[in-house]
Amino acid sequence: MTAATSLLNDLTDAPPAGVWSAPGRVNLIGEHTDYNDGFVLPFAIGQRTHAAVSTRRDGRVRVVSSFDPTPVEAALDELEDLFPARRDEVPEWARYPLGVAWALQRRATSTVSGVDIAIDSEVPVGAGLSSSAAIEGAVAVALDELWALGLTRRELAIAGRLAENEAVGAPTGIMDQTASLRGEADAAIFLDCRTLETEIVPLGFAEAGLEVLVVDTRVSHAHATGGYAERRAACELGARMMDVVALRDLSVLDLRRAAELMDDVTFRRVRHIVTENQRVLDTVRVLREQGPLAIGDLLLASHASMRDDFEISTPELDAAVQAAMTAGAIGARMTGGGFGGAAIALVPHALVPAASEAVRRAFAAAGFREPHLFTVAPSRGAGRD
Ligand code: ADP
Ligand code: MG
């Protein structure tokens, strides 16, 4: 029996209708491009969140988690009052599953049944792997099936984002939900954040003998929120100065004019976004034409751009990238929003122990907090177990 099923059994005598699960994700390349209407290239990972669900006749929804086995419950017809206005009354973790129920209930054309939902997760929280999208994805595919909604993966991703933005109150984009819902084994998802169109891009890591080593620095800088808002504002200013809707509408050929118009800081923020969008497109092309062994320089260029132009790296992330490269990685970069968090390195299978050791030694020598090191593999997206 899975942990989610035994949690559900503790909650109710009703038999489980099923277990659904959804993975966390890692972004291979394309950072801070999402809110500039640009491109990202995430993949779903093997670590998943499981939701065991049974139905109820009384129109109520109850959720428990291995985090917190105390059930949180609400009537389905009360959710519209709770979210977003009274979300503070709901424990934070429970806003994710209840928020998804709220967002999906709106899509139903007839009355839906109550549910008991038990959640257990292998996705570490706050390691930059999007445990939040994993919960949203698992609950979304479960309710889509149990409530016979027949929604597309894109619609489920939008429901997950709505839950996260409105029910939780976190202003995030749609990359994480898309990766979790649409991932495929050994493939990445190319997402156009303007049109929400996606394309599956085979990675070929397994065949090339490559592993993705994650270095979670366990550092989260206090100014992350302010730094994020500042970067967004600089991007908006840059787009206005260039008279475009979003930086997505600029190409590297426009950078010369941008340099003439802008102060140095705004220009470098803009240059990161414009070149990063190009690097995502280049990575997709190189993967298709030459395979994964050829994308290392693009990953490194992405890291350098975030370090020097966008200025969101940290000494820990720079050290992780450098140590992994010295130990034989094909490429490496910080991943996620920056100011801490995690770096990834693309490492030949046989060199993973040496690369891990090199990172550990570099961190110890610099007096940094000991990092968490683990590998992730591009894996299938959400579905019924
Ligand atoms: P992440 O980068 O991991 O997505 P977030 O802050 O976006 O970090 O989401 C983490 C939050 O998601 C947790 O604080 C918790 O509220 C919720 N969460 C994640 N995993 C679980 C779980 N297994 N059970 C309950 N809540 C969870
Ligand atoms: Mg998250």
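Preceding this paragraph is the structure being described.
In this text the structure is predicted, and so the values were computed from the model without any measurement. Sequence positions are assigned chain by chain, starting from 1 and proceeding in written order. Each chain is given a letter, starting from A, and each ligand a number, starting from 1, according to the order in which they appear as written. Residues qualify for local features only when their pLDDT is at least 70, as the model is predicted, and side-chain atom pairs are given and counted only at 80 or more; totals for whole chains, interfaces and linings, by contrast, use all residues. The side-chain figures draw on all heavy atoms in the structure; neither hydrogens nor water molecules are used.

**Q** What is the right way to look at the site of ligand 1 in this model?
**A** Being near a molecule or strand, for a residue, comes down to having at least one heavy atom within 4 Å of it. Neighbouring ligand 1 are the residues Ser-65, Phe-67, Trp-93, Tyr-96, Ser-121, Val-125, Gly-126, Ser-130, Ser-131, Ser-132 and Ile-135. In protein, a polar contact requires one atom able to donate a hydrogen and another able to accept it; more generally it is a pair of N or O atoms within 3.5 Å, and residues adjacent in sequence count only if both atoms are side-chain atoms. Take Gly-126: an N or O atom from its main chain is 2.9 Å from an oxygen atom of ligand 1. All accessible areas in this document rest on Shrake-Rupley with a 1.4 Å probe, and a residue is counted as covered only by the protein chains that are shown. For ligand 1, the protein covers 80% of the area, taking 570 Å² as the surface of the free molecule. Only DSSP runs of H or I with at least four residues qualify as helices, and only runs of E with at least two residues qualify as strands; both kinds are numbered from the N terminus onward. Of all the secondary structure elements, the ones that give two or more residues to the shell around ligand 1 are helix H3 (92-105) and helix H4 (131-146). When residues of the shell around ligand 1 are assigned to their parent elements, the largest contribution, three residues, is made by H4. Considered class by class, the residues forming the shell around ligand 1 number five nonpolar, six polar and no charged. Amino acid classes used here: Ala, Val, Leu, Ile, Met, Phe, Trp, Tyr, Cys and Pro are nonpolar; Asp, Glu, Lys and Arg are charged; the rest, including Gly, are polar.

**Q** Hey, could you run me through the sheet that holds strand S13 (residues 383-384) in this one?
**A** By way of backbone hydrogen bonds, the strands of a sheet pair with one another, either parallel or antiparallel. Only when DSSP finds a minimum of two bridges between them are two strands counted as paired. Taken in spatial order, the six strands of this open sheet run S5-S4-S6-S3-S1-S13, and their pairing is mixed. One side of each edge strand has no neighbouring strand; the edge strands of this open sheet are strand S5 (68-75) and S13. Two elements, strand S1 (residues 18-27) and S13, share two bridges in a ladder whose sense is antiparallel. Paired with Ser-21 across the strands is Gly-383, a residue of S13. Note on contacts: a residue pair is in contact if any heavy atoms of the two residues lie within 4.5 Å. Angular values range over 0 to 180 degrees, each being the angle between N-to-C directions of two axes fitted as lines to C-alpha atoms, with helices fitted over their stretch in contact. Sheet strands in contact with helix H1 (residues 3-11) are S1, strand S3 (42-56), strand S4 (60-65), S5 and strand S6 (114-121), and its direction is about 140° off that of S6. Strands in contact with H4 are S1, S3, S6 and S13; relative to S1, the strand with the most contacts, it is inclined by about 145°.

**Q** So what exactly am I meant to see when it comes to the sheet that holds strand S7 (residues 187-192) here?
**A** Across the sheet, which stays open at both edges, the three strands sit in the order S2-S7-S8 with antiparallel pairing between neighbours. Bordering the open sheet on either side are strand S2 (39-40) and strand S8 (198-202), each of which pairs with just one other strand. Taken together, the two bridges between S2 and S7 define a ladder with antiparallel strand orientation. Along S7, the bridge assignment pairs Val-40 with Leu-191. Each of S2, S7 and S8 is contacted by helix H6 (residues 175-182), which is oriented at about 140° to S7, the strand it contacts most. Across the sheet, helix H9 (residues 264-289) lies against S2, S7 and S8, angled at about 50° from S8, the strand it touches most.

**Q** Is there a simple way to think about the pattern of salt bridges in this case?
**A** Pairs can form between side chains of opposite charge once their charged atoms are near each other. One side-chain nitrogen of Lys or Arg within 4 Å of one carboxyl oxygen of Asp or Glu is enough to make a salt bridge. This structure, assessed with the given rule, holds 26 salt bridges. Residue Arg-248 pairs with Asp-192 through a salt bridge whose shortest N-O separation is 2.8 Å. Separated by 56 residues along the polypeptide, Arg-248 in the loop between helix H7 (224-241) and helix H8 (255-261) and Asp-192 in strand S7 bring together distant segments of the chain. We note that Arg-248, like Asp-192, is buried. Between Glu-357 and Arg-361 there is a salt bridge; the shortest N-O distance is 3.8 Å. In this pair, Glu-357 and Arg-361 both sit in helix H12 (residues 352-366), four residues apart, roughly one turn of the helix. Categorising residues by exposure relies on relative accessible area from a 1.4 Å probe, with only protein chains included: less than 20% of the type maximum marks a residue as buried, more than 50% marks it as exposed, and the intermediate range marks it as partly exposed. Residue class for Arg-361 comes out exposed when judged on its relative accessible area of 52%. Via salt bridges that share partners, Glu-31, Glu-276, Arg-279 and Arg-333 belong to a single interconnected network.

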